[in-house]
Amino acid sequence: MILVLFAIAVAIPLVLWSIGKIPLSYNLRNLTLRWKTTVMTALAFTAVIALLTVMMAFVNGMKKMTEGTGQPGNVLILADGATDETFSNLNVGDLTEIENLPEVARQNGRPMASRETLLVVNQLTPDPAGGYKRRFLQLRGIEDPQLSARVHGLRLLSGGTWFSEAGVQEASAPESKSDEAAPLIQAVLGEGVAHELGRARSEEELAEAKNRDRLDVGDTFLLGERRWVVVGVIDSAGSTFNSEIWAKRSLAAAMFGKDTYTTLVLQTEGAATAKQFKKFLAEDYKKAAVNAQVETEYYKSLSETTAQFSYAIGFIAVVMSIGGIFGVMNTMFAAISQRMGDIGVLRLLGYARWQILVSFLLESMVIALVGGLLGCILGSLSNGWTANSIVGGQGGGKLVVLQLAVNADIIATGLFLTLLMGLLGGLLPALSAMRLKPLDALR
Amino acid sequence: MKYLKLIFRNVGRNRLRSLLTVLVTVVLVFVVTLVWSVLWLLDQVTTEKSQNFSAMVTERWAIPSRLPFSYADPLSRGAAHKPGDIQPLDSMTWQFYGGTLDAKNFTRENIIFGIACEPEKLATMMDGLNDLPAEQESQLHEDIAQLKANRQGVNLGHNHLDATNKRIGERLKLTGIGNFKGLDLEFEIVGTFPAGRYDTLAAFNRDYYNNELDAYAARNNGRKHPLAERSLNLMVLKVPDRAAFTRLASQIESSPEFSNPAIKCETMASGISSMLESFRDLIWGMRWLLAPACLVTILLVIANAISISVRERRLELAVLKVLGFRPYQLLILVLGESLLLGSVAGLISAGLTYGIINWGLGGISFPIGFFDRFMIPTAALWWGPAIGGLASLLGSFLPAWSARGVKAANVFSKVA
Amino acid sequence: MNLIAGLDTPSQGEIWVGDQLISTMTEGQLASWRTRNIGFIFQFYHLLPVLTAYENVELPLLLLPLSAAQRKQQVTTILELVGLADRMYHRPGQLSGGQQQRVGIARAIVTDPTAIMADEPTGDLDARAAEEILNLLCMLRESLHKTIIMVTHDPRAAQRTHRLLHLEKGLLVEQVNA
């Protein structure tokens, strides 16, 4: 759809150029002659388009994250009535029953089921402005990490391992400052949260760090009065899991006072089976009431917030484009009033009215194109920036660390908008130029 | 001011251009005003106050914060044990509840999240409700009195009244959702809150709530509701100053009676700050990308318009010099013209924004955290002209300087 | 001038230029007719400031179905005729008044029109430049047989014409040249 609009937007000036008899060099040279005005007008377009590109990249990053999470063959189970994992409380008895249903895939006789408890905990971090501040982190308590990893289709980056059965390891004596060397809780981090946690390191810590960009295997951090150690980093490839900390459920749940499971993820044979299974659980399964969804659908529903953002961005784009349109209108009116002599001459020489119209329309579109193109380039620099956000709504929401993603659609939208602004802004002035009587123009 | 007449005439010389410039400024100042209003309120609530402010006691590590109700009593006394320990000036308990009007089909409109508390605290402990103008204050007191009188009464904010299409006096049946499943409550709407910040609030009697939790156990063979053990979500304590806060916080956090779960005591400002951390980058973008982009655009458009205007009038400016006007006077003339355009446009924009958003729409709907609506502060009325004025001064400085430097000799025709 | 050039329509009557009835032509037809049949020369030259002398002269040719090579030949020939071959690629801002007027004349004749309308062609020129221009116009009349219709206040220019008419109280009066 965007590509169609973009093609139209590009086609218009090209068509105009080919049918116009007044040489384009006339317009270009006038633009260069009045370069200060041209630059100021074009920069207004640059500001609008650059901003728009960054905002769209942000929303695109959010969308990619939510759409890139989940397996189509998995079914996600939450407690009945819970719309968010954090508000869900599952009954263990029900879980065992459900896990043993025939639709659930099995490996080595065990059901491919991941029992999880999602907790949101806060962590005290030093505030660059002085003092401390708290941030919220997603902690997923897992029973059997290897099993869960297979269910979710996640791998670790090389050099890491999953946490052990016990979930803790001994603190090596020199590191520990306290008298009682409490065992370190083992954790596996998503890349995004590893990056976030890594940002809180001091200059000295960074100098010695294995990886300046993020926490890596062997690094430790404080959470909830215990020290935790990173044993692996998840290669989560742009899913919401990259903003999570995984650790042994029994430890995490006990520490933070949540003793029920929040989530059960079941692997089935494939997408079709998953859909059937979800339907069965939602409608026909009577033994327990649960909220069952195909995993990819659940994560997609979280992108409800992206829809809200998109509306806000659309609104801002429209409003700011008014600035660009009226700005170029001012410029073109002034240019025409200054070049009335030229217009009169051209008409006298036999150039038709519509050719005058086309010429001035092209001129305003050239300004728009140059400004907008620069804006697209500037805006694209934001590609890969990391940003915090929350996806999902309704009182809950996942905290995610996402990457802004600029793609072809975004660039096409930016160019389309700038050409549209140029066309709309240049239309009225060009029409007025067209309607000038040659002899009045020459007076 | 002899300039004023000349300035007005010049602005009127090309009405279209002046109009276009003003329109752009009005529209872009509008966006900046929206953005700054949101940022302003967020800054306000996250700035540490120094006198008569509130502290918040919540669970130390986990979200959502869930504390046993038995904590309420000792906390209301600030965990004071030893002589010399201080107590808070006032306290308020908050117990969250969420329910829907339609259990089979819940939507955003028919879900109500509310708090169970002591009714009289609504007037003393809620920021924004404790300093109302006289008329609204008496109305609030009346509503609260009704709430106290009617055990199953509820005060609903305007948004809820609108969304559920109910009025004061009607009844409401809520089915608990999510964590509150199993707790179904019945209410009679006895009052509301002043329009603005508390449009999405619902408040009811904590006695009723606690009784219902007990009744649940009775209905289920003694099995308690999962929330019953920890139904208190947070407590708000009022302290006179920072010194008192620090002492109170250390009293509470070091007290052994709050060990399971552990609690923390922080200022409201700090608590809200933490919650906004997740939106840190979004807020940064609004403050340093969005608003500046609009400002830059205003500046460019005004600069463009003025420089075109100066260019067209070079001959006239030369004539003025011949007549005896000094360079600095020409500078003032151009700057004055630009300032007039910019600040008038800014004022119009601020006025319209304030009027339309606050009275027409009831605030900016921007759901971030638990904030729902942002009103435009009165300060915005001077932001508008300030932005317009400053942008025009900056933007027109170079063209004005060039106007100043026009050569009087230009007045004479060139030799062919 | 307006009426002859087809820029204005008469309230009454017909206008014939050569053997063409122009008072009933549509705007589009008039535009096309003007390119091929009339050339214009102005007191203030009215050259497009951003185009070079060459490009200014080429402008009317762009409306005709000529190839680039043909246009080039036509333009260079005409510019040589008016004596500006060495200044072909200069912009009006780099030319003197007399030179600009010569470009104006070149532009007026490049499409080989039958008639040339000259509106105060010497009005902005000093005596010497004016003389050059008038010589050029006479040459166009004698050698190229162009009809030149000129409006002027300049007595020297008036002297060089074959027929002289002036407006007196709204009536056109002919005056024979001495």
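The rules behind the values
- Residues numbered from 1 in each chain as written.
- Chains lettered and ligands numbered in written order.
- Predicted model: local features only at pLDDT ≥ 70, side-chain atom pairs only at ≥ 80, totals over all residues.
- Heavy atoms only, no water.
- Helix = DSSP H or I, 4+ residues; strand = E, 2+ residues; numbered from the N terminus.
- Buried < 20%, exposed > 50% of the residue type's maximum accessible area, 1.4 Å probe, protein only.
- Contact = heavy atoms within 4.5 Å.
- Areas by Shrake-Rupley, 256 points an atom, 1.4 Å probe, with all protein chains shown as cover.
- Lys, Arg positive; Asp, Glu negative; His and termini not counted.
- Charge placed at Lys NZ, Arg CZ, Asp CG, Glu CD.
- Rg over C-alpha atoms; globule rule 2.2 N^0.38 Å.
- Pairing = 2+ DSSP bridges.
- Axes fitted to C-alpha atoms, helices over the stretch in contact; angles between N-to-C directions.
- Core = buried A, V, L, I, M, F, W, Y, C linked by side-chain atoms within 4.5 Å.
- Salt bridge = Lys/Arg side-chain N within 4 Å of Asp/Glu carboxyl O.
- Patch = residues over 30% accessible without salt bridge, like charges linked within 9 Å, V, L, I, M, F, W, Y side chains within 5 Å.
- Domains from an automatic or database assignment.
- Right-handed = clockwise from strand over helix to strand, strands pointing away.
- Buried area = accessible area lost by both parts, 1.4 Å probe.
- Polar contact = N/O pair within 3.5 Å; in protein donor to acceptor, adjacent residues only side chain to side chain.
- Nonpolar A, V, L, I, M, F, W, Y, C, P; charged D, E, K, R; others polar.
- Parallel < 35°, antiparallel > 145°, perpendicular 65-115°, else oblique.
- Left-handed = near helix turned anticlockwise from the far one by under 90°.
- Expected span 1.5 Å × (residues − 1).
- Arc of directions from axis to C-beta.

(A) The arrangement of the overall build of chain A in detail. Each helix and strand in chain A was counted, giving 15 helices and 15 strands. Burial status across chain A gives 57% buried among its 443 residues. Of all intrachain contacts in chain A linking residues separated by at least 6 positions in sequence, the fraction that spans at least 24 positions is 77%. Element-wise, carbon and sulfur atoms account for 59% of the exposed surface of chain A, whose accessible area totals about 18400 Å². In chain A, 39 side chains carry a positive charge and 40 a negative one; their mean positions are 13 Å apart.

(B) Broad picture of the overall build of chain B. Helix and strand content of chain B: 13 helices and 12 strands. Radius of gyration (C-alpha) of chain B: 30 Å, far over the 22 Å computed for a compact globule of 416 residues. The C-alpha extent of chain B, read off along each of the three principal axes, is 110 × 50 × 40 Å. Taking all 416 residues of chain B together, 53% fall into the buried category. Contacts spanning at least 24 positions in sequence make up 78% of the contacts within chain B whose residues lie at least 6 apart. Carbon and sulfur atoms provide 58% of the accessible area of chain B, an area that totals close to 19300 Å².

(C) Up close: the sheet that holds strand β4 (residues 115-119) of chain C. All names here are of chain C. Ordered by their spatial adjacency, three strands build an open sheet running β3-β4-β5, and the pairing between neighbours is parallel. Two strands lie at the open edges of the sheet, namely β3 (38-42) and β5 (147-151), each paired on one side alone. Within the sheet, the average angular offset between the axes of one strand and its neighbour, ignoring direction, is 15 degrees. Relative to β5, β4 runs parallel, the two sharing five bridges. From the neighbouring strand, I116 faces β5, where its bridge partner is I148.

(D) Highlighting the nonpolar core. Within the largest apolar cluster, 139 residues are counted, with the highest numbers of intra-cluster contacts made by F58(A), M320(A), Y351(A), F360(A), L402(A) and L59(C). Not counting chain neighbours up to four residues away, the residues in contact with L402(A) comprise F58(A), G61(A), M62(A), M65(A), W385(A), T386(A), A387(A) and S389(A). In this structure, V75(C), L137(C), L140(C) and A157(C) belong to the second largest nonpolar core, which totals 32 residues.

(E) Representation of the pattern of salt bridges in the model. The full count for this structure, using the stated rule, is 44 salt bridges over all chains. Salt-bridge contacts for E196(A) lead to R280(B); the nearest nitrogen and oxygen are separated by 3.3 Å. With one member in each of two chains, E196(A) in helix α6 (residues 191-198) and R280(B) in helix α10 (residues 280-312) form a pair that bridges those chains. The network of salt bridges with common partners includes R135(A), E196(A), R199(A), E277(B), R280(B) and D281(B).

(F) Region of the structure containing a nonpolar patch on the surface. Residue and element names in this part refer to chain A. Taken together, the side chains of W35, V39, L43, L374, L378 and L381 make up a nonpolar region of the molecular surface, amounting to roughly 560 Å² of accessible area. Where the nonpolar patch is concerned, the elements lending two or more residues are α3 (35-67) and α13 (353-380). It is α3 that provides the largest number of residues to the nonpolar patch, a total of three residues. Within the secondary structure, W35 sits in helix α3.

(G) Structural context of the environment of R15(B). With respect to the helices and strands, the residue R15(B) is situated in helix α2 (residues 15-46). As a C-alpha pair, R15(B) and F366(B) span 351 residues in sequence and 37 Å in three-dimensional space.

(H) Structural detail: the domain arrangement of chain B. Splitting chain B by domain gives domain 1 (4-45 + 280-415) and domain 2 (62-261). With centres defined by C-alpha atoms, the gap from domain 1 of chain B to domain 2 of chain B works out at 48 Å.

(I) View of the pairing of β4(C). Residue and element names in this part refer to chain C. Along β4, four of the five residues are buried, which leaves the element largely enclosed by surrounding structure. Sheet topology note: the β3/β4 ladder contains five bridges and is parallel. Bridging from a neighbouring strand, I38 pairs with A115 of β4. Where the polypeptide runs from β4 across helix α5 (residues 127-144) and back to β5, its parallel neighbour, the crossover connection is right-handed.

(J) Structural view of the environment of I4(C). All names here are of chain C. Tracing the backbone through its elements, the reader meets I4 in the segment before β1 (16-17). I4 sits in the partly exposed class, given a relative accessible area of 29%. Separated by 90 residues in the primary sequence, I4 and Q94 have C-alpha atoms spaced 33 Å apart. Among residues more than four places away in sequence, those in contact with I4 are V17, I22, W33, I38, M117 and I149.

(K) The arrangement of the interface of chain A and chain B in detail. Facing 54 residues of chain A, the contacting portion of chain B comprises 50 residues. Between chain A and chain B, roughly 4600 Å² of surface is buried when both sides are summed, and carbon and sulfur atoms account for 64% of that area. When the buried surface of chain A facing chain B is broken down by residue, M40(A), R134(A) and N330(A) rank first, second and third, together holding 14% of it. Taken together, chain A and chain B are joined by three salt bridges. Taken together, the connections running from chain A to chain B amount to 11 residue pairs in polar contact (both at pLDDT 80 or more). Contributing elements (two or more residues each) for the side of chain A that touches chain B: α3, β4 (113-126), β5 (132-142), α11 (304-338) and β14 (386-391) of chain A. Sort the elements by how many residues they give to the side of chain A that touches chain B and α11(A) lands first, with 17 residues. Bridge analysis of β4(A) against strand β2 (residues 62-63) of chain B gives two bridges, and the strand direction is antiparallel. When the bridges of β2(B) are listed, V120(A) appears paired with I63(B).

(L) How the structure looks around the domain arrangement of chain A. All names here are of chain A. Entries for chain A in the domain assignment read domain 1 (2-67 + 304-437) and domain 2 (105-267). At the junction of the two partners, domain 1 supplies eight residues and domain 2 supplies 14 residues. For the pair domain 1 and domain 2, the interface holds zero salt bridges. Joining domain 1 to domain 2, the criterion identifies two residue pairs in polar contact (both at pLDDT 80 or more). The set of elements that each furnish at least two residues to the side of domain 1 that touches domain 2 consists of α3, β14 and β15 (398-403). Residue contributions to the side of domain 1 that touches domain 2 peak at four residues, all from β15. In terms of residue class, the side of domain 1 that touches domain 2 is made up of four nonpolar, two polar and two charged.

(M) Focus on the packing of α2(B) against α10(B). All names here are of chain B. Axis separation between α2 and α10 bottoms out at 10 Å; the angle between their running directions is 160 degrees. Accordingly, the angle class assigned to the pair α2 and α10 is roughly antiparallel. Handedness of the α2/α10 crossing: left-handed.

(N) Representation of the environment of G128(B) in the model. All names here are of chain B. In this structure, G128 sits in the loop between α4 (121-124) and α5 (134-149). Given the relative accessible area of 27%, G128 is considered partly exposed. Taking the C-alpha atoms as reference points, G128 and P68, separated by 60 residues in sequence, lie 28 Å from one another.

(O) The arrangement of α5(B) in detail. Residues and elements named next belong to chain B. The terminal C-alpha atoms of α5, which comprises 16 residues, lie 23 Å apart, in line with the 22 Å expected from a rise of 1.5 Å per residue. When α5 is considered as a whole, its buried residues turn out to be L140, D143, I144 and L147. Buried residues along α5 cover an arc of 100 degrees about the axis, so they all sit on one side. Of the residues in α5, the exposed ones pointing more than 90 degrees away from the buried face are A134, E135, E142 and A149. Of the surrounding secondary structure, the elements contacted by the buried residues of α5 are α4, β5 (153-156), β7 (184-192) and β8 (202-205).

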